[in-house]
Amino acid sequence: MSYKADTSNGTIEKGFTYGLSQSLTIAIGYAPVAITFGILATQFGLTFWEAGLMSLFVYAGASQFIAIEMIHQGATPLMIGVTTLILNIRHFIMSLSVVPYFPERSLPWSLGLAQGLTDETFVLNTKVLKNVEGEENRRRVMLGINLGAYATWVSFTILGGIIGKWLPIQFSGFQFALLALFIILTTSSLSKKNYLTYILAAALAVFLKLLIPGKIYLIISVVVAAGIGAWWRGKKASESVGCDSQKSI
């Protein structure tokens, strides 16, 4: 499926520069948050360039705030990685939603555009791309939007790290704010279809904590609950398809 533009309805044919200009709305919002992250990262023991590299390679927004707290608390890289994966699994669905705009996409382009996909760039891209004619133009526009947001996040993280290194800025109550952020991100993904999986994961975590030392019990409980949830939903979907087939016969 591809999207065709209709110039009679006010569609546009723009490229990278247009996308870059559109990213300004995201950049305005990213700048203060990235500065805050940079300051907090240095206060939690990272150097300003380590904070910058984290934004460069991870580029996960809220997950980065949670990650620096986990690093500060001594969490293992595996724990941090699994937590980040869980919080950002929604990007898989977002990527699938953007795919129809690029029916002739190549792997390098797909990887590059996927790296720049965030909640904010996803919303802006889906709004802008439907009015851009031609797949090549859409690639350039999306690249401009993504790169503008990406560059803002990384550069202002470094700036925040430098500020945090030289100025004694303190954020009181930040640990509580991180906990609240984690709860909000988790509950926002709840629905009638998956709430039992979350309950199962919580119950398993409480049970396994009594049996397994350390924090590996958290990973085990999440993996087991997710596996059971996926199996159950697949089974229900198969039964639904079977019932529909019988009705059609």
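What you are looking at is a predicted structure, and each value in this text was computed from that prediction instead of being measured.

### Looking at the overall build of the protein chain
And step 1. When its secondary structure is counted, the protein chain shows 12 helices and 0 strands.
And step 2. If you list the helices and strands of the protein chain from N to C, you get α-α-α-α-α-α-α-α-α-α-α-α.
And step 3. Residue burial in the protein chain is summarised as follows: out of 249 residues, 35% are buried.
And step 4. Long-range pairs, those at least 24 residues apart, make up 78% of the contacts in the protein chain between residues at least 6 apart in sequence.
And step 5. Of the roughly 14800 Å² of accessible surface on the protein chain, a fraction of 69% belongs to carbon and sulfur atoms.

### Some points on the UniProt feature "transmembrane region" (unreviewed entry) in the protein chain
And step 1. When the UniProt feature table is mapped onto this chain numbering, "transmembrane region" (unreviewed entry) sits at residues 20-41, 53-72, 78-102, 143-163, 169-188 and 216-232.
And step 2. Span residues 78-102 is 76% helix and 0% strand, its end C-alpha atoms 34 Å apart.

### As for the side chain of His-91
And step 1. Positionally, His-91 belongs in helix α6 (residues 90-98).
And step 2. With relative accessibility at 17%, the residue His-91 sits in the buried group.

### Notes on the environment of Tyr-198
And step 1. Following the sequence through the fold, Tyr-198 ends up in helix α11 (residues 195-209).
And step 2. Taking the C-alpha atoms as reference, Tyr-198 lies 8.4 Å from Ala-226; in sequence the two are 28 residues apart.

### Section: helix α4 (residues 62-72)
And step 1. Burial within α4 is extensive, with 8 of its 11 residues counted as buried.
And step 2. Residue Gly-74 follows α4 closely and has a positive phi angle near 85 degrees.

### Some thoughts on the packing of helix α7 (residues 107-115) against helix α9 (residues 135-166)
When two helices pack together, their arrangement is given by the angle between the helix axes and the distance between those axes.
And step 1. Put simply, α7 and α9 touch, their axes get as near as 9 Å, and they point 40 degrees apart. In terms of their interaxial angle, α7 and α9 are classed as oblique. Regarding α7 and α9, the two cross each other, and that crossing is left-handed. Here Trp-109, Leu-113 and Gln-115 of α7 lie close against α9, whose contacting residues are Arg-139, Met-142, Leu-143, Asn-146 and Tyr-150.
And step 2. Here the residues of the contact of α7 with α9 sort into 5 nonpolar, 2 polar and 1 charged.

Thresholds applied
- Residues numbered from 1 in each chain as written.
- Predicted model: local features only at pLDDT ≥ 70, side-chain atom pairs only at ≥ 80, totals over all residues.
- Heavy atoms only, no water.
- Helix = DSSP H or I, 4+ residues; strand = E, 2+ residues; numbered from the N terminus.
- Buried < 20%, exposed > 50% of the residue type's maximum accessible area, 1.4 Å probe, protein only.
- Contact = heavy atoms within 4.5 Å.
- Areas by Shrake-Rupley, 256 points an atom, 1.4 Å probe, with all protein chains shown as cover.
- UniProt positions renumbered as here; feature names shortened; annotations may be inferred.
- Axes fitted to C-alpha atoms, helices over the stretch in contact; angles between N-to-C directions.
- Parallel < 35°, antiparallel > 145°, perpendicular 65-115°, else oblique.
- Left-handed = near helix turned anticlockwise from the far one by under 90°.
- Nonpolar A, V, L, I, M, F, W, Y, C, P; charged D, E, K, R; others polar.

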